[in-house]
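# Architecture and fold: a report
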Amino acid sequence: MPFANIKVPQAALSKVQKEEIVHRVTSLFVDYFSEAVRPHTMVLIEEVPDGGYGRADEVYVIPEAYRAKDQVPK
């Protein structure tokens, strides 16, 4: 079974964007392995909370301007 695990900053993607990622990654696997893998493909999108990851030795918090518009603010 093909499996993709995608980690993104929490609230960075809208529901529609997550759905699009699931469809596009599934299509990618189908392109590589054939239509037979579609019903067995798993795409997991994990949202990492602010402060739960770092880049260039700095703890990262996603700026408000980059948050998805359909997310409920905290």
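In this text, all values refer to a predicted model and were calculated from it rather than measured experimentally.

The next thing to look at is the environment of Ser14. Positionally, Ser14 belongs in the loop between strand 1 (3-9) and helix 1 (15-33). Considered as a pair, Ser14 and Thr26 are twelve residues apart in the sequence and their alpha carbons are 18 Å apart.

Before going further, it helps to spend a moment on the confidence of the model for the protein chain. Of all residues in the protein chain, 95% attain a pLDDT of 70 or more, and the chain-wide mean is 90. Across the protein chain, helix 1 holds the top mean pLDDT of 97, while strand 3 (residues 54-55) sits lowest at 82.

This part is about the pattern of salt bridges. Taken as a whole and judged by the stated rule, the model has seven salt bridges. Each of Asp50, Glu64 and Arg67 takes part in salt bridges that share partners, so that together they form one network.

Among the surface-exposed residues, Met1, Phe3, Met42 and Leu44 lie close enough to one another that they form a single nonpolar patch of about 430 Å² accessible area. Secondary-structure assignment places Leu44 in strand 2 (residues 42-48).

The subject of this paragraph is the environment of Ala11. Assignment of secondary structure puts Ala11 in the loop between strand 1 and helix 1. C-alpha of Ala11 to C-alpha of Glu47: the two residues are 36 residues apart in sequence and 7.4 Å apart in space.

Under the defined criterion, the tally for this structure stands at two aromatic pairs. With a centroid separation of 5.5 Å and an interplanar angle of 40°, the aromatic rings of Tyr53 and Tyr60 are classed as tilted. Residue Tyr60 is classed as partly exposed on the basis of its relative accessible area, which comes to 23%.

So, how was this worked out
- Residues numbered from 1 in each chain as written.
- Predicted model: local features only at pLDDT ≥ 70, side-chain atom pairs only at ≥ 80, totals over all residues.
- Heavy atoms only, no water.
- Helix = DSSP H or I, 4+ residues; strand = E, 2+ residues; numbered from the N terminus.
- pLDDT = per-residue confidence, 0-100.
- Salt bridge = Lys/Arg side-chain N within 4 Å of Asp/Glu carboxyl O.
- Patch = residues over 30% accessible without salt bridge, like charges linked within 9 Å, V, L, I, M, F, W, Y side chains within 5 Å.
- Areas by Shrake-Rupley, 256 points an atom, 1.4 Å probe, with all protein chains shown as cover.
- Phe/Tyr/Trp six-rings, centres within 6.5 Å; stacked < 30°, edge-to-face > 60°.
- Buried < 20%, exposed > 50% of the residue type's maximum accessible area, 1.4 Å probe, protein only.

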